[in-house]
Amino acid sequence: QVQLVESGGGLVQPGGSLRLSCAASGFTFSNYAMSWYRQAPGKERELVAAIQSAGGITSYADSVKDRFTISRDNAKNTVALQMNSLKPEDTAVYYCNYRTNWGTNYWGQGTQVTVSS
């Protein structure tokens, strides 16, 4: 079955960096776009970044553009999110996402990112 396992979250000071990773299994990873979402307390889950199957096309939410970078390794079935210049408003649970051609969403368990001094 489909499994998405995130890692790499934690507590970081404003201006710091974190790298999140998502290990995927149970589907042909290299055929599908992958995304990172986040959900802050009391807010709806929002799309942060997405990367197409071959990795050549990426997109970002305006709030993270020029600070976050999404990448993937199709040989290792992993997708990463490099987060730099972190701000307190980046505090959220971050989720890895895979959507099937039929529109079914799969989510990882999430990893907490807290940006605080």
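Refer to the preceding data block for the structure.
This is a predicted model, so every value here is computed, not measured. (Residues numbered from 1 in each chain as written. Predicted model: local features only at pLDDT ≥ 70, side-chain atom pairs only at ≥ 80, totals over all residues. Heavy atoms only, no water.)

## A look at the overall build of the protein chain
A tally of regular secondary structure across the protein chain gives zero helices and eleven strands. Across the protein chain, helices and strands are ordered from the amino to the carboxyl terminus as β-β-β-β-β-β-β-β-β-β-β. Computed over its C-alpha atoms, the radius of gyration of the protein chain comes to 13 Å, within 12% of the 13 Å expected for a compact globule of 117 residues. Across its three principal directions, the C-alpha atoms of the protein chain cover 40 × 30 × 25 Å. Residue burial in the protein chain is summarised as follows: out of 117 residues, 38% are buried. Summed over all atoms, the accessible surface of the protein chain reaches about 6200 Å², with 45% contributed by carbon and sulfur. (Helix = DSSP H or I, 4+ residues; strand = E, 2+ residues; numbered from the N terminus. Rg over C-alpha atoms; globule rule 2.2 N^0.38 Å. Buried < 20%, exposed > 50% of the residue type's maximum accessible area, 1.4 Å probe, protein only. Areas by Shrake-Rupley, 256 points an atom, 1.4 Å probe, with all protein chains shown as cover.)

## Topic: the packing of aromatic side chains
With the rule as written, the count across this model stands at seven aromatic pairs. For the ring pair Phe27 and Tyr98, a centre distance of 3.8 Å and an interplane angle of 5° mean the geometry is stacked. In this pair, Phe27 is assigned in the loop between strand E3 (18-25) and strand E4 (34-39) and Tyr98 in strand E9 (residues 92-99), connecting sequence segments 71 residues apart. The buried category is assigned to Phe27, whose relative accessible area is 13%. Arranged with centres 4.9 Å apart and planes meeting at 80°, the rings of Tyr37 and Trp107 form a pair that is edge-to-face. Taken together, the positions of Tyr37 in strand E4 and Trp107 in strand E10 (residues 105-107) put the pair 70 residues apart, joining distant regions of the chain. Residue class for Tyr37 comes out buried when judged on its relative accessible area of 14%. Using a relative accessible area of 33% as the deciding quantity, one classes Trp107 as partly exposed. (Phe/Tyr/Trp six-rings, centres within 6.5 Å; stacked < 30°, edge-to-face > 60°.)

## Brief notes about the pattern of salt bridges
Applying the stated criterion across every chain yields a total of four salt bridges. Here Glu46 makes a salt bridge to Arg38, at a shortest N to O gap of 2.7 Å. Looking at Glu46, the relative accessible area reads 35%, which means it is partly exposed. The partner of Asp90 in a salt bridge is Arg67, with the nearest N and O atoms 2.7 Å apart. With Asp90 in the loop between strand E8 (78-83) and E9 and Arg67 in the loop between strand E6 (58-60) and strand E7 (68-73), this pair connects stretches of sequence that are 23 residues apart. Of the residues examined, Asp90 reaches a relative accessible area of 1% and is grouped as buried. Its relative accessible area of 10% is what places Arg67 among the buried residues. It is possible to trace a salt-bridge network through shared partners that takes in Arg38, Glu46, Arg67 and Asp90. (Salt bridge = Lys/Arg side-chain N within 4 Å of Asp/Glu carboxyl O.)

Don't take any of this as a statement about function, it's just geometry.
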